[in-house]
Every structure is written in C-alpha cells, then in structure tokens.
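# Structural description and commentary
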Amino acid sequence: MALGGFVVLVGPDASVQRAAVMAGVLLASRFGGKRGQALPALGLATLVLLLADPWQSTQPGFALSVVATAGILVWATPVEAWLRVRTRLPRAVALPLAVAAVAQFSCAPLLLLLQTGLSTGGVLANLLAAPAAPLGTAAGMIALLLLPASATLGGGALWLAVWPARWIEAAGVVGVSPPGARLYWPAGWGGALALTAVYVLGAVALTLGRSGGARHRGWPKQASVPPGRRLAIRAVAGVAAGVTVGVSIAVPATVRFGVPGDWAVAACDVGQGDAVLVRDPERPEQVMLVDTGDDEAALETCLALFGVTRVALLVLSHDHRDHVGALGAVLSISEAALVPPESAENTGMPLAERVRRAGVTAVTGEIGMTGGSAPAAAGLGWEVLGPQPLESYPDENSTSLVLRVTVAGVSLLLLGDTGGPEQVPLMREGGRPTADVVKVAHHGSKNQAAGFYDVLGSRVALISVGAENRYGHPNPQLVDTITAAGNVVLRTDELGSVAITVRQGELGYWNAGRRSSAVLRSGTGTRKNSMSLCPAKPGKYR
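We now turn to the structure provided with this report. Just so it is clear, the structure is predicted and the values come from calculations on it, not from any experiment. (Residues numbered from 1 in each chain as written. Predicted model: local features only at pLDDT ≥ 70, side-chain atom pairs only at ≥ 80, totals over all residues. Heavy atoms only, no water.)

## Remarks on the side chain of asparagine 487
Selection rule: The way it works is that DSSP assigns letters per residue, a run of H or I at least four long becomes a helix, a run of E at least two long becomes a strand, and they are numbered from the N terminus. As used in this structure description, the phrase polar contact means that two N or O atoms lie within 3.5 Å; if the pair is within protein, one of them must be able to donate a hydrogen and the other to accept it, and residues adjacent in sequence are counted only when both atoms belong to side chains. Whether two residues touch is decided by their heavy atoms; if any such pair falls within 4.5 Å, the residues are in contact.
Relative to the helices and strands, asparagine 487 resides in the loop between α15 (476-484) and β17 (488-491). At a separation of 2.6 Å, a polar atom in the side chain of asparagine 487 contacts the side chain of serine 458. Looking at asparagine 487, its side chain comes within polar contact range of the main-chain nitrogen of arginine 459, at 3.5 Å. When near neighbours in sequence (up to four residues on either side) are disregarded, asparagine 487 contacts Ser458, Arg459, Val460, Ala461 and Ile482.

Printed below as a string of structure tokens:
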C-alpha cells in the first residue's frame, strides 16, 4: 500500500513503474516465504509493463532504467570485489562507486542516442549525490504529510529537505567540472553500435581470462592463464582499448589541431540556431560572438574548438531562443553586450536586463553605432545598419540587429532573422549594403526581399541551420538564388562548424564536419581587454 501510494505521489513515469513492479514482485516473494531474486524480478517487471504498453519500449526513461538496473544487478558485486582487492577501498566506498560506474557504463550506448559524448563525470556526480538522495526524499515526504496539519512543522521539514537537494545540485556541478568529465564519442546509432562493439570485445577478453585459469576472489589469476590464451586476451583487449582511445582522444585532438590558426570568421554548428564568431587574426584575444544558439553544450564545444575563452563583445541580434537560448553559457566570460530594442512580442524580462543582472554592460543597438578593437586602426570594426527606428516593433524578428563587420580587410554582413520588410530599407539608394561574406538571414527562410542577395556582391554565404529541421530551412530556391549570385554556400547542417580564413585577400574555409562536437570545452580562461562600448560621441559607441 505504501509503495502504491508513493507511485501515485511521484507520478507513474516509465522508470517509476518499472521500479514499483519490480519491488512489488520482491515483496510478494518474501511474503510467500521465498527469497526474492532481483534479476528475475526485473525481467518480470519489464515483461508486465511491455505487455501492458509496448510503446514504453521507445521511452528513454524506461529503457535507461531497465538497462541500468540490469547492469547493477549483474556487475556491481564483482566490480565492488575488484575495487576492494585491487585498490583496498572500504566497502562503504567501493559499493557505491561500483554501482555508479556500472550504471553509467551500462547506459552509455543508449545515452548516445540522445546526446554526444561519454560522461565520466556522471560517476562522480552520482557517487556524491547518493547519500543525499534518500535524505531529501524522506524529508520531502515528511513535509508533504505534515504541511496539511501544521504549517510550522511542515515548513521545518521542507527546510530540512532543501539541504539535500542543494547537495545534489552541487554534486552535479562538481561532476561536470573536472577536465575529461565528458569524452567525445559520436552520437546516434553509429556511435551506439561502435561502443557496443567495444563492450563485446571487452566481454570476450574477460571471458577468455575467467575461463582460462583459477579464480582469485571472483577474478582470474593472471599467472594461471595459459600463454596462448593470454596473448589472445591481450590482442582482443588491445583492440578494444585502441578503438576507445582513438575515438575519444585521437579524434578530438586531430580536429582541434586541424583548426586554422588564422581564422577570421567562424559559424558554429549549434543546430537550428545562430552563433557566429568574428576576430582579427592579428588580435586573437578580441573575439566578437554574434548570438548563442539554443544549445549550451554545442556552443561551449564550438568555443573550445576555436580556442575562445573570453568574449570581448557579445551581440544578441534578437530575443528568440534559437539566438539567445544558450546565453547562460557565455555571460560569465563576456565583457560587454550589444542588444536589440524591445518588441511587443516580449512580455518577460527584457533581454538587456537579463544581461545586466549577470554583471555585463549592455547597450541597445541603434543605426549608426560603430565600434571595434582599440586602437581604431586594428583590423576589426563594426557598424549597426538596422533595425530601422520605429515607435514599436510588432515581433522579435523585426528588431533583429543588422551589423556590417570589417575584419582582416574583408566585410561581413550579419542579418539576424530579418525578413523581406526589414531588408527592403537596406536596399534603398544610398544605404545599399555590400559585403564579401554574408550570414544569410533567418537560417535560409524563404521570407527574403526579392533581389536582395544579388546586390550584395558577396562571395561567401553562411547559412547557420540545423540538420533535418522541421521548418524546411534553407529554402532550396533561395539557395539556388544565392549560388547564382556568385556565392559559395557554406551550410552548418552539411559542413558542421565552419571557419573562414583571409590570406592575401583570398577567402578560404575549413570545416569540422560531423566531428564538430569532438572538442569539449574545459575552463573559461582569464579576463582580457574588451572592445569598448564607452560613448565616443552622441549616437556613436566604440
């Protein structure tokens, strides 16, 4: 009855149902006078739940719960024994470490279907969180029971429950902080199958060892394994280790060292969103970041790929999640920000206020503002070309900041998510923009002013867009139009993160391809001189 009530209380999610049915089987077994067997109980719970709802097999929570539990039941005891024998750890430490490591190890292939990389820090986080989880659960349950009867007693129990919750939160932060807390491994079915193959090779090596000699506390004595079998074990284990090291260490190193050191513009592969880096190769510490995308991990990975540890000027074109959703990942390393005007669409906290609350100087962009690295003769400068001044803006896209950036002798036009109505004023006589490189507006949406890209004279068109996105971006006719205008089209959905170089006036590019996520960021560096946003004269900023 208590178990059923707890399920109702926390909600019948797939993993909760699995745990409840499995626990019910064990309770019924013990009530009937027989010792409960956990692994058959897990099998029965899984079978019952899938017969009741076969579609649960497609839910990540259910699959991860079953796989993690099975791994713990099969491997936690031998891994604990190995830790106690080889490292002399006390059982109080060896058992939770074994459980956390085995659970992470078991779930890793399935997690690759959801995200890139192998989390080694998850083991540490779970180990640190383990003591606090039951305390927080118990205190929260007591608070729930007491609050209807006594606000004072219930509030006291709730106050106690806060501390284990904060401990668990801190454990998560600690788990992702150390270098190597996440290792590269490709996501998707290919990555999952490759990791499973490594597991199979490891299991073969372990089976050969365990069947080839006498056991020593559950593990074979190396000296008792015949030489031929020992050679086979080493060969199989060597292949498994080689694949692991090659994918998780060698590939990131290759990608990182392949990035051109003199890149001037870089379009980050952040999925369906924008994040563009600009810098003068002669002053690499002065980096401008235009938009952040919506995926903090993807943005941090891109910053690591291009060696960015500080952002001198953060430009936020407009307040949509695919452009500012990952803002929290860069505010702590940003010196100053240029933000768009407010629109009638925004009913929450203004973007400028969110930036200022993080201690970052924020200035609203207006037509005519200019800026760049100090001194003024350096090779990076920018000018705000839009949006047009209006009493009010109907939506966020209409507030998109349009910037022309000059870097290393070439010009870059950044269009945000402007559409045809916002691009028409840019084409008027006397204000017609030109650029060598253009960041195509709104991820290549078809809402563009007719003839706009024909008059730019650009040579390279960057399209920041997510693979197989549900919007149909980029529009095929627009891509054909841009190509016909003489542009080389560089798309992040096809090329991954892209870097543009300027060498003797000639534009070149490098791309990371599917390996864009291979480099994981560690550390934020130290504060450096920023691009100044101090007023130079009325209406001008530098």
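Next comes the rest of the description.
## Here's the deal with the nonpolar core
Short version of the rule: Residues enter a nonpolar core if they are buried and are Ala, Val, Leu, Ile, Met, Phe, Trp, Tyr or Cys, with the set joined through side-chain atoms within 4.5 Å. To sort residues, take the accessible area from a 1.4 Å probe on protein chains only and compare it with the maximum for the residue type: under 20% means buried, over 50% means exposed, and anything in between is partly exposed.
Membership of the largest hydrophobic core comes to 37 residues, with the highest contact counts inside it found for Leu277, Phe306, Leu314 and Val355. Breaking this core down by element, the ones donating at least two residues are β5 (263-267), β7 (283-290), α11 (296-305), β9 (336-339) and α13 (351-357). Among the elements that line this core, the one with the most residues is α11, at 5 residues. If we skip the residues at most four places from it in the chain, leucine 314 touches Leu289, Thr292, Leu327, Val330, Leu331, Ser334, Ala336, Ala337 and Leu338. Within the second largest apolar cluster, 31 residues are counted, among which are Ala267, Val363, Leu403 and Ile500.

## Quick look at helix α3 (residues 38-52)
Cut-off, in case you're wondering: One less than the residue count of a helix, multiplied by 1.5 Å, gives the span that helix is expected to have. In this description, the arc belongs to the directions extending from the helix axis to the C-beta atoms.
The terminal C-alpha atoms of α3 lie 21 Å apart, and with 15 residues this matches the ideal 21 Å at 1.5 Å per residue to within 8%. Within α3 the residues assigned to the buried category are Ala41, Leu42, Ala45, Thr46 and Leu49. The buried residues of α3 occupy an angular sector of 135° when projected down its axis, which confines them to one face. Away from its buried face, by an angle of more than 90 degrees, α3 presents the exposed residues Pro40 and Leu51. Among the structural elements, α2 (14-31) and α4 (60-87) are those in contact with the buried residues of α3.

## Here we look at the side chain of glutamine 448
Topologically, glutamine 448 is positioned in the loop between β15 (437-439) and β16 (460-463). Residue classification places glutamine 448 among the buried positions, given a relative accessible area of 13%. At a separation of 3.0 Å, a polar atom in the side chain of glutamine 448 contacts the main-chain carbonyl oxygen of alanine 441. One polar contact links glutamine 448 to tyrosine 453, side chain to side chain, over a distance of 2.9 Å. Other than its neighbours up to four places away in sequence, glutamine 448 contacts Gly420, Gln423, Val440, Ala441, Tyr453 and Leu478.

## What to know about the packing of aromatic side chains
As a reminder, the rule being used: Side-chain rings of Phe, Tyr and Trp (the six-membered ring for Trp) are treated as a pair once their centres are within 6.5 Å; stacked means planes under 30 degrees apart, edge-to-face means over 60, and tilted covers the remaining angles.
According to the stated counting rule, one finds 5 aromatic pairs in the structure shown. With a centroid separation of 4.0 Å and 20° between ring planes, the pair formed by phenylalanine 105 and tyrosine 199 is classed as stacked. Of this pair, phenylalanine 105 sits in helix α5 (residues 91-111) while tyrosine 199 sits in helix α9 (residues 188-211), placing them 94 residues apart in sequence. Here phenylalanine 105 falls in the partly exposed class, since its relative accessible area comes to 48%. Both rings, one in tryptophan 159 and one in tryptophan 163, keep their centres 5.8 Å apart while their planes meet at 75°; by these two values the pair is edge-to-face. Here tryptophan 159 pairs with tryptophan 163, and both are found in helix α8 (residues 151-176), just 4 residues apart, close to one helical turn. The exposure class assigned to tryptophan 163 is partly exposed, which follows from its relative accessible area of 43%. Through a chain of ring-to-ring contacts, the aromatic side chains of Trp263, Phe306 and Trp510 assemble into a single cluster.

## As for the sheet that holds strand β8 (residues 313-315)
Put simply, the test is: Two strands qualify as a pair provided DSSP detects at least 2 bridges between them. Angles shown run from 0 to 180 degrees and are taken between the N-to-C directions of axes, each axis being a line fitted to C-alpha atoms and, for helices, limited to the stretch in contact.
Spatially, β10-β9-β8-β7-β6-β5-β18-β19 is the arrangement adopted by the 8 strands of the open sheet, whose pairing is mixed. Two strands lie at the open edges of the sheet, namely β10 (361-364) and β19 (506-511), each paired on one side alone. Strand-to-strand twist in this sheet, taken as the mean axis angle between neighbours without regard to direction, amounts to 20°. Note: β5 against strand β18 (residues 498-503), 4 bridges, orientation antiparallel. Bridge pairing links valine 265 to isoleucine 500 in β18.

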